[in-house]
Amino acid sequence: MKKLISILLIVCALSLCVSLSACDGKDRKCDRYEMFCIYDEETSTLSGTVDFTFYNHTENELSDLKFNLYGNAFREDAAYKPVSDAYKNRAYYAGESYGAMSIENVENCAGWNVAGEDENILVVNLLTPIYPEDTAVLKITYTLNLAKINHRTGVSENCINLGNFYPVLCAYSTEGFIEANYYTCGDPFISECADYSVTVDVPENYVIASSGKLTGESFANGRKKSSYVLEDARDFAMVLSDKFEVLSQTVDGVEVSYYYTSDANAQNSLNVATESLKYFSDTFGKYVYPTLSVVQTGFCYGGMEYPALTMIAEGLDRDNTAYTIVHENAHQWWYAMVGSDQLNDPWQDEGLTEYSTLLFFENHPNYGFTRKGIINSATSYYRAFFTVFSQLNDEADTRMHRHLSEYTSELEYNNVTYNKGLILFETLRNSVGDEKFFSGLKKYYEDNLLKIATADDLCACFIKGGTDVEGLFNSFLQGKILI
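Residues numbered from 1 in each chain as written. Predicted model: local features only at pLDDT ≥ 70, side-chain atom pairs only at ≥ 80, totals over all residues. Heavy atoms only, no water.

Chemist: Mind showing me how you'd approach the packing of helix 4 (residues 318-330) against helix 5 (residues 347-362) here?
Modeler: A packed helix pair is summarised by two numbers, namely the angle formed by the two axes and the spacing between the axes. With their axes 8 Å apart at the nearest point, helix 4 and helix 5 run at an angle of 125° to one another. By the angle class used here, helix 4 and helix 5 are oblique. Every pair of crossing elements has a handedness; the one defined by helix 4 and helix 5 is right-handed. In contact with Ala322, Tyr323, Val326, His327 and Ala330 of helix 4, helix 5 contributes Glu350, Thr353, Glu354, Ser356, Thr357, Phe360 and Phe361. (Axes fitted to C-alpha atoms, helices over the stretch in contact; angles between N-to-C directions. Helix = DSSP H or I, 4+ residues; strand = E, 2+ residues; numbered from the N terminus. Parallel < 35°, antiparallel > 145°, perpendicular 65-115°, else oblique. Left-handed = near helix turned anticlockwise from the far one by under 90°. Contact = heavy atoms within 4.5 Å.)

This is the structure we're talking about:
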């Protein structure tokens, strides 16, 4: 996710590495979501069913499955709110509004209940235990009530944002299923790869931006049914609108589409989307999905990433739009294709994504951003924040390896994960040289494609290249280095 550069300027002036399983490729069985959902614009509800096939890739016998119900974070009485007070006015454009995800039924199971620290976990008791390499099939029926909010999930001012719109299987670690509360700092999502087949029923005048590739469409009685497929993906997202204009271009066999509601520089936005996709493919490794949807929509932050779909906030100027598109596109490599633990090590994808953004602009100077300018900006914001922080607190906490719940504010989160993460990779590049730096990133992509990588996995890719960088990483992650 990319926070707004302008918001950071204003606010600054005022003031467990776990090894996780995932799909390794087409020769490996994956979980499968077959979904059908209907959007009712009068009630702002999405009614859906999920035929879910679980493949037990763990080494354990499992008696139940757990699913994240991210939509329940939008309840009025939610303990973990979707936005902080700092972003509330940007998010709730028509006054505070609420939503919820209701589970109506789960079939082919021994029982189910909604649990978790904040009514955010669906627990399904299986009919019989499943052993490694066995499968279980469930059918989940649910209703998602959407709040009026400029956020990942909700009715924004011009669009309907459907991120995290279905029950999502919790990732599995050595300690069991990982339950994720909805923290306002960062992206509280950690998911393993699955295959998706999705059909959505909407009013026929709606345009659908989707993570998947369109495979079929039909019209009847003023409604439209559109079907999509997506393989080896951590999430599936959509944005709906009756106001979209669309520009498309194919690059390296990938259909890139830019959906926008109001952008005087739409062609420039599409250009930066296609150019950044090509640059990252050439620099890190091939983009594995057949399409990429870049979507301008109502969003209280700068942007948000999903596999094969990125959300870009409406109202950004030309430079911020370009920067955000590149940042979110870089997340296709460092989040979508190479996953990480966003709960405990959010710097791993955000810092590398921010540095990848720098790399693109360093090699495309026509957009007006420079390597020196980006580094200097990040360094000055980081120093300014922690100078003020130290004056207000006994000691500044600059650790990078920590859980999302340990951040005291979004400013602290942004400076530690984005800015310090950027500085980490700049320091690493200067230490090992360009040849070993880019070779290490390519190896990181190759070794961890469609997996969830740990910080140790990232560090190891540079060590294997003949450079001992463990001390450098540790000094940053443990908060020992002075910047």
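Chemist: How should the nonpolar core be read in this particular structure?
Modeler: Generally speaking, soluble globular proteins have nonpolar side chains that are buried together. Of all hydrophobic cores here, the largest spans 161 residues; its most connected members are Tyr33, Phe165, Tyr166, Tyr196 and Phe437. Counting residues per element, this core draws most heavily on helix 7 (residues 410-432), which supplies 10 residues. Those residues in contact with Phe437, other than ones at most four positions away along the chain, are Tyr355, Leu359, Phe425, Leu428, Arg429, Val432 and Phe462. (Core = buried A, V, L, I, M, F, W, Y, C linked by side-chain atoms within 4.5 Å. Buried < 20%, exposed > 50% of the residue type's maximum accessible area, 1.4 Å probe, protein only.)

Chemist: Would you take a moment to explain the packing of aromatic side chains for this structure?
Modeler: Any pair of aromatic rings gets described here by the distance separating the centres and the angle formed by the planes. Under the defined criterion, the tally for this structure stands at 42 aromatic pairs. Their ring planes at 55° and their centres at 6.4 Å tell us that Phe280 and Phe360 sit as a pair that is tilted. With Phe280 in helix 3 (residues 266-283) and Phe360 in helix 5, this pair connects stretches of sequence that are 80 residues apart. Overall, Phe360 belongs to the buried group, its relative accessible area being 0%. Where Tyr382 meets Phe386, the ring centres are 4.8 Å apart and the plane angle is 55°; that geometry is what we call tilted. Highlighted residues: Tyr382 and Phe386, both in helix 6 (residues 371-392), separated by four residues, approximately one helical turn. The class for Tyr382 is buried, based on a relative accessible area of 4%. (Phe/Tyr/Trp six-rings, centres within 6.5 Å; stacked < 30°, edge-to-face > 60°.)

Chemist: Would you explain the sheet that holds strand 22 (residues 309-313) in this entry?
Modeler: Each strand in a sheet pairs with another by means of backbone hydrogen bonds, the pair being arranged parallel or else antiparallel. Read across the sheet, five strands follow the order 18-19-20-22-21 without closing on themselves; strand pairing throughout is mixed. Two strands lie at the open edges of the sheet, namely strand 18 (245-251) and strand 21 (303-306), each paired on one side alone. Across the sheet, the mean angle separating the axes of adjacent strands is 15° when strand polarity is ignored. Inspection of the sheet shows strand 20 (residues 291-297) paired to strand 22 by five bridges, in the parallel sense. The partner of Gln296 across the bridge, within strand 22, is Ile312. (Pairing = 2+ DSSP bridges.)

Chemist: Help me understand the environment of Ala136, please; the structure alone is not making it clear to me.
Modeler: Along the chain, Ala136 turns up in strand 7 (residues 135-145). Discounting chain neighbours no more than four positions away, the residues touching Ala136 are Phe52, Thr53, Phe54, Leu126 and Ile130.

Chemist: Even after reading the chapter, I still don't get the pairing of strand 19 (residues 254-260), so can you show me in this structure?
Modeler: Among the seven residues that make up strand 19, six are buried, leaving the element largely enclosed by the rest of the structure. One ladder, built from seven bridges, connects strand 18 with strand 19; its direction is antiparallel. Among the inter-strand pairings, Glu245 is bridged to a residue of strand 19, identified as Tyr260. Adjacent in sequence and paired antiparallel, strand 18 and strand 19 are bridged by two residues, among which Asp252 carries a positive phi angle near 50°.

Chemist: Even after reading the chapter, I still don't get the pattern of salt bridges, so can you show me in this structure?
Modeler: Where charged atoms from two side chains of opposite charge approach closely, those side chains can pair. Under the defined criterion, the tally for this structure stands at 23 salt bridges. The closest approach of N and O atoms between Asp118 and Arg75, which form a salt bridge, is 3.3 Å. Taken as a pair, Asp118 in the loop between strand 5 (111-115) and strand 6 (121-130) and Arg75 in the loop between strand 3 (62-68) and helix 2 (88-91) lie far apart in primary sequence, 43 residues in all. Neither Asp118 nor Arg75 differs from the other in exposure class; each is buried. Taking the shortest distance from any N to any O, the salt bridge between Arg371 and Glu426 comes out at 3.1 Å. Linking Arg371 in helix 6 with Glu426 in helix 7, this pair joins segments that are 55 residues apart in sequence. Look at the salt bridges and you will find they share partners, linking Glu362, Arg371, Glu426, Arg429 and Asp434 into a network. (Salt bridge = Lys/Arg side-chain N within 4 Å of Asp/Glu carboxyl O.)

Chemist: Explanation requested: the sheet that holds strand 15 (residues 213-220) in the structure shown.
Modeler: Ordered in space as 4-7-2-1-13-16-15, the seven strands form an open sheet in which the pairing is mixed. A single partner strand is all that each edge strand has here, and the edge strands are strand 4 (100-107) and strand 15. Put simply, the sheet's adjacent strands are angled 15° from each other on average, direction ignored.

Chemist: How should I be thinking about the confidence of the model for the protein chain in this particular structure?
Modeler: Interpreting fine coordinate detail is not advised for predicted regions of low pLDDT. When pLDDT is averaged along the protein chain, the result is 93; 93% of the residues meet or exceed 70. Scored below 50 in pLDDT, residues 5-22 makes 40 contacts in the model with residues more than four places away or belonging to other chains. (pLDDT = per-residue confidence, 0-100.)

Chemist: Explain the side chain of Arg429 here, please?
Modeler: Inspection of the secondary structure puts Arg429 in helix 7. Judged by its relative accessible area of 3%, Arg429 falls in the buried class. When near neighbours in sequence (up to four residues on either side) are disregarded, Arg429 contacts Tyr355, Leu358, Leu359, Glu362, Arg371, Asp434, Phe437 and Phe438.

Chemist: Just checking my understanding: could you explain the side chain of Ser276 for this structure?
Modeler: Looking at the element boundaries, Ser276 is found in helix 3. A polar contact of 2.7 Å, which involves the side chain of Ser276, links it to the backbone oxygen of Val272. For Ser276, the contacting residues outside a window of four places in its chain are Val326, Asn329 and Phe360. (Polar contact = N/O pair within 3.5 Å; in protein donor to acceptor, adjacent residues only side chain to side chain.)

Chemist: I keep staring at the packing of helix 7 against helix 8 (residues 434-448) and nothing clicks. Help me out?
Modeler: Axis separation between helix 7 and helix 8 bottoms out at 6 Å; the angle between their running directions is 125°. Looking at the two axes, helix 7 sits oblique to helix 8. For the pair helix 7 and helix 8, contact is made by Phe425, Leu428, Arg429 and Val432 and by Asp434, Lys436, Phe437 and Phe438, respectively. Looking at the contact of helix 7 with helix 8, its residues break down into five nonpolar, no polar and three charged. (Nonpolar A, V, L, I, M, F, W, Y, C, P; charged D, E, K, R; others polar.)

Chemist: Explanation requested: the pairing of strand 5 in the structure shown.
Modeler: Two faces make up the sheet, and in a regular strand the side chains alternate between them. In the sheet, strand 5 pairs with strand 6 via five bridges, with the strands oriented antiparallel. Looking across to strand 6, one finds that Asn113 is bridged to Val123. What sits between strand 5 and strand 6 in their antiparallel hairpin is a turn of five residues, with Gly116 showing a positive phi close to 90°.

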